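Observations on chain architecture
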Amino acid sequence: MLILLPPSEGKAAEGSGPPVGELSFPALDRSRKRVMSALVRASRRRDAIDVLGLTPGLAGELARNVALKTAPTLPAADLYTGVLYDNLGLRTLGGEARSRAEESLLIFSGLWGVVRITDRIPPYRLSMGVNLPPLGGLGAFWRPQVSKVLDGIPGLVVDLRSATYASAWLPGERSATVRVFRDGKVVSHMAKATRGEIARALLRQDTTPTSPDELVKVLDALGYRVEATAPTRAGRSWTLDVHVS
């Protein structure tokens, strides 16, 4: 089973380890270097805030981007903060649950493509939704390369990504895209919290679902009210609508 996560805008202030080195999925390394170089150049531009889609209050993040190649690192498990990661609670997962997290969790990133929670990376600021000169839209840039490395990994895919990051890989019919509703509406804060809770619950299960149907049964047993919709055509994901009060 793979559990796909978005990154978070909130990140730890700094790392303490050596500059970024070997990461999971080394087939992506060449593309990672291209994106990093493009991001460093873009962050030095006078219009960097506009190019990267940042608010004026985040102008300080540009200095981090410029220093990426030599910046100290920390594990992705410790880097990303925010509502989803607070509810996932990686630091309090132990034993088999932690081992499953290291194997199953994949974090999508505009800069790195996709990483595991054990990968050491520096703080940065780059959304997958950015049109980064000269590479263009990062979702489209990463899609063919990420697809090559992930399409061959078997098993159920539980997709907890936001739409921006979902563009970087389309897992197809073996995947289930989780949407969260409250009173019939999507509530961003609640959705992030519930996705984190679902990821944690799945990692703590003794048994691993192998299909979208089995995933529905697991979520039902965990107390979630779930409506499942099968793909409307080949190559599309299942949709699981989770309703919370």
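Structural data are supplied above this passage.
Just so we're clear, the structure is a prediction, and the values are computed from it rather than from any experiment.

Cut-off values and rules
- Residues numbered from 1 in each chain as written.
- Predicted model: local features only at pLDDT ≥ 70, side-chain atom pairs only at ≥ 80, totals over all residues.
- Heavy atoms only, no water.
- Helix = DSSP H or I, 4+ residues; strand = E, 2+ residues; numbered from the N terminus.
- Rg over C-alpha atoms; globule rule 2.2 N^0.38 Å.
- Buried < 20%, exposed > 50% of the residue type's maximum accessible area, 1.4 Å probe, protein only.
- Contact = heavy atoms within 4.5 Å.
- Areas by Shrake-Rupley, 256 points an atom, 1.4 Å probe, with all protein chains shown as cover.
- Pairing = 2+ DSSP bridges.
- Core = buried A, V, L, I, M, F, W, Y, C linked by side-chain atoms within 4.5 Å.
- 1 Å grid on protein atoms, 1.4 Å probe; cavity = no way out; pocket = protein on both sides within 12 Å on 5 of 7 lines; lining within 4 Å.
- Points joined across faces, edges and corners; volume = space filled by probe spheres on them.
- Salt bridge = Lys/Arg side-chain N within 4 Å of Asp/Glu carboxyl O.
- Phe/Tyr/Trp six-rings, centres within 6.5 Å; stacked < 30°, edge-to-face > 60°.
- Lys NZ or Arg CZ within 6 Å of the ring centre and 35° of its normal.

**Remarks on the overall build of the protein chain**
Looking only at helices and strands, the protein chain features ten helices and eleven strands. Since a compact globule built from 245 residues should have a radius of gyration of about 18 Å, the 18 Å found for the protein chain is in line with a globular shape. Along the three orthogonal principal directions, the C-alpha set of the protein chain runs to about 50 × 40 × 35 Å. Taking all 245 residues of the protein chain together, the buried fraction comes to 51%. Of all intrachain contacts in the protein chain linking residues separated by at least 6 positions in sequence, the fraction that spans at least 24 positions is 70%. Carbon and sulfur atoms provide 50% of the accessible area of the protein chain, an area that totals close to 11,600 Å².

**Points about the pairing of strand β1 (residues 2-5)**
Judged by which residues are buried, β1 turns out to be covered on both faces: Leu-2 and Leu-4 on one side and Ile-3 and Leu-5 on the other are all buried. Relative to strand β8 (residues 157-159), β1 runs parallel, the two being bridged by three bridges. Across the sheet, residue Leu-2 finds its bridge partner in β8, namely Val-157. Pairing of β1 with strand β3 (residues 105-109), which is carried by three bridges, proceeds in the parallel orientation.

**What about the nonpolar core?**
Counting 80 residues, the largest nonpolar core has Ile-3, Leu-52, Phe-108, Leu-126 and Leu-132 as its most contacted members. Ignoring anything within four residues of it in the chain, the contact list for Phe-108 reads Leu-4, Leu-5, Pro-6, Pro-7, Gly-113, Val-114, Val-146, Leu-150, Arg-161, Tyr-165, Ala-168 and Trp-169.

**Overview of unusual backbone geometry**
Here Pro-133 and Pro-134 are connected by a cis peptide whose omega angle stands at -5°. Checked against the element boundaries, Pro-134 lands in the loop between β6 (131-132) and β7 (136-137).

**What to know about the layout of surface pockets**
There is about 900 Å³ of room inside the largest pocket. Lining the largest pocket are 41 residues, with Pro-6, Arg-161, Ser-162, Ala-163 and Tyr-165 positioned closest to its centre. Elements supplying a minimum of two residues to the lining of the largest pocket: α5 (83-88), α8 (163-166) and α9 (188-203). Tallying contributions element by element places α9 first for the lining of the largest pocket, with four residues. Roughly 160 Å³ of volume is contained in the second largest pocket. Along the walls of the second largest pocket sit Val-20, Gly-21, Leu-23, Asp-29, Arg-32, Lys-33, Met-36, Ser-37, Lys-69 and Trp-112, which together make up its complete lining.

**Some points on the pattern of salt bridges**
Applying the stated criterion across every chain, the model contains nine salt bridges. A salt bridge links Arg-98 to Glu-102; the nearest nitrogen and oxygen atoms lie 3.3 Å apart. In this pair, Arg-98 and Glu-102 both sit in helix α6 (residues 95-104), four residues apart, roughly one turn of the helix. A salt bridge links Arg-179 to Asp-241, with the shortest nitrogen-to-oxygen separation between them at 2.7 Å. Pair noted here: Arg-179 is in strand β9 (residues 175-182) and Asp-241 is in strand β11 (residues 238-244), with a separation of 62 residues, a long-range link. Several salt bridges converge on common partners, so that one network encompasses Glu-61, Arg-64 and Arg-125.

**Quick word on the packing of aromatic side chains**
Here the structure, examined in full by the defined rule, presents three aromatic pairs. Seen in terms of ring centroids, Tyr-80 and Tyr-85 are 5.7 Å apart; in terms of plane orientation they differ by 25°. Their pairing is stacked. Positioned over the ring face of Tyr-124 is Lys-11, at 4.7 Å from the centre of the ring. Looking at Arg-161, its charged tip hangs above the ring of Phe-108, at a distance of 4.5 Å from the centre.

Nothing here speaks to function; it is all geometry.
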